[in-house]
Amino acid sequence: MDYTLDPHEPVPAETKRIVRSLVDDGLDHLAEEAPHEAVHEVRKRCKEVRATLRLVRGVLPTYSEENAHYRDAARRLSRIRDAQALLETFDDHVVPAVEADERLDSDRLDAVRETLLDRRDTLAAEMDLDARLDAVGRDLRRGSERIDSFPLATDGFDAVAGGLRKSYRRGRDRLADAYADPTTEAFHEWRKRVKYHRYHCYLLRPVWEKPMRARRNELKRLSDLTGDEHDLAVFRETLHEEELFDAETRETLDRTITGRRAELRRAARPIGERLFVEEPDALVARLEGYWRATVAYDTES
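Residues numbered from 1 in each chain as written. Predicted model: local features only at pLDDT ≥ 70, side-chain atom pairs only at ≥ 80, totals over all residues. Heavy atoms only, no water.

Engineer: Summarise the overall build of the protein chain; cite the residues concerned and give the values.
Structural biologist: Along the protein chain, the regular secondary structure elements total 11 helices and zero strands. Ordering the α and β elements of the protein chain from the N terminus gives α-α-α-α-α-α-α-α-α-α-α. The C-alpha radius of gyration of the protein chain comes to 21 Å, within 12% of the 19 Å expected for a compact globule of 301 residues. Overall, the protein chain is about 65 × 45 × 30 Å in size when its C-alpha atoms are taken along their principal axes. Across the 301 residues of the protein chain, 50% fall into the buried class. Pairs at least 24 apart in sequence give 78% of the contacts found in the protein chain among residues at least 6 apart. Of the roughly 14400 Å² of accessible surface on the protein chain, 44% is carried by carbon and sulfur atoms. (Helix = DSSP H or I, 4+ residues; strand = E, 2+ residues; numbered from the N terminus. Rg over C-alpha atoms; globule rule 2.2 N^0.38 Å. Buried < 20%, exposed > 50% of the residue type's maximum accessible area, 1.4 Å probe, protein only. Contact = heavy atoms within 4.5 Å. Areas by Shrake-Rupley, 256 points an atom, 1.4 Å probe, with all protein chains shown as cover.)

Engineer: Mind laying out the environment of alanine 233, listing which residues take part and the relevant values?
Structural biologist: Checked against the element boundaries, alanine 233 lands in helix α9 (residues 209-241). Separated by 21 residues in the primary sequence, alanine 233 and aspartate 254 place their C-alpha atoms 9.9 Å from one another.

Engineer: Could you give an account of the nonpolar core, with specific residues and numbers?
Structural biologist: Membership of the largest hydrophobic core comes to 84 residues, with the highest contact counts inside it found for Val160, Trp190, Leu204, Phe235 and Phe276. Not counting chain neighbours up to four residues away, the residues in contact with leucine 204 comprise Leu5, Leu55, Val160, Leu164, Met212, Leu287 and Trp291. (Core = buried A, V, L, I, M, F, W, Y, C linked by side-chain atoms within 4.5 Å.)

Engineer: Any chance you could break down unusual backbone geometry for me, citing the residues and the numbers?
Structural biologist: At aspartate 128, a residue that is not glycine, the phi angle is positive and equals roughly 55°. Within the secondary structure, aspartate 128 sits in the loop between α5 (106-126) and α6 (129-144). One non-glycine residue, glutamate 243, adopts positive backbone phi at about 45°. Position of glutamate 243 among the secondary structure elements: in the loop between α9 and α10 (247-275).

Engineer: Please give an account of the pattern of salt bridges that cites residues and values.
Structural biologist: Tallied over the full model, the rule gives 34 salt bridges. With a shortest N-O distance of 2.6 Å, aspartate 139 and arginine 76 are connected by a salt bridge. Residue aspartate 139 is located in helix α6, and its partner arginine 76 is located in the loop between α3 (63-75) and α4 (78-101); the two are separated by 63 residues in the primary sequence. Relative accessible area serves as the criterion here: at 4%, aspartate 139 is assigned to the buried category. (Salt bridge = Lys/Arg side-chain N within 4 Å of Asp/Glu carboxyl O.)

Engineer: If you had to explain α10 to someone new, which residues and values would you point to?
Structural biologist: With 29 residues, α10 should reach 42 Å at 1.5 Å per residue; the first-to-last C-alpha distance of 41 Å fits that figure. Within α10, the axis deviates most sharply at arginine 269, by approximately 30°, and proline proline 270 lies no more than four positions further along. If you check the start of α10, you find a side-chain oxygen 3.1 Å away from the backbone N of glutamate 248, and it comes from aspartate 246. (Expected span 1.5 Å × (residues − 1). Bend = angle between axes of the 7 residues up to and from the residue. Polar contact = N/O pair within 3.5 Å; in protein donor to acceptor, adjacent residues only side chain to side chain.)

Engineer: With reference to specific residues and values, describe α9.
Structural biologist: Taking 1.5 Å per residue, 33 residues should reach 48 Å; α9 reaches 46 Å between its end C-alpha atoms and fits that length. Just beyond α9, the residue with positive phi is glutamate 243, at close to 45°.

Set out below in structure tokens:
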């Protein structure tokens, strides 16, 4: 399924098509995937629905209602997803860094992983994961019933200009905030705005295929860096708040995570400053030019 906006087609119809496809895909994952994979995929679909609606928020009077609906659906699964994400962060980021420094032996690493796995499974059982997945399925079906009645009347680039400008401006502002006051919360806010802008560039890719794909690829790099930094921040906070391991292990993991987070923040900054260097009005005007040229000349991208 193509999740991009075709500028030759009416924006209201395209928006409804994309949202419906994302919701249907989420329902398919709930029906076909193993529980923890379903959790991950359906939360992604909810975020993508919200990003799509955010692009047309300026001309969608029911935006706040719809955004809250899909946000709340995803939140049913957030604690369980966070527990699985801790395990993935340990496997993908913590273990390689610790092994490179030879700070913990394999037996201790195995014990840490077993603790994280038990924590995830216990939480899933306590929260009744199957029942929560069923509830999210009902949420998606209820949302699906409203898609055809989205009160979207504005067409063309005007339908997306306001949402694009607002999302990009927030990403630009949160970049400045993150490096002026580098707290976990500030970087998390920037990360969220990067992901919205990245998805908007994906939606708008047909206005000029190659440049928009290149921009989205760099946004993907930036999203991965800020996402990994956030996952490590959550890992560190959980490590200390729950005192999951012995003090020596916690201290060793803390040193490793702190160093890796600093590396990720340094790597993200130049990419972010390049991607968010334009003033919001300039970026919107540039993409409007791409859109209008595509519509006028039916150009090859």
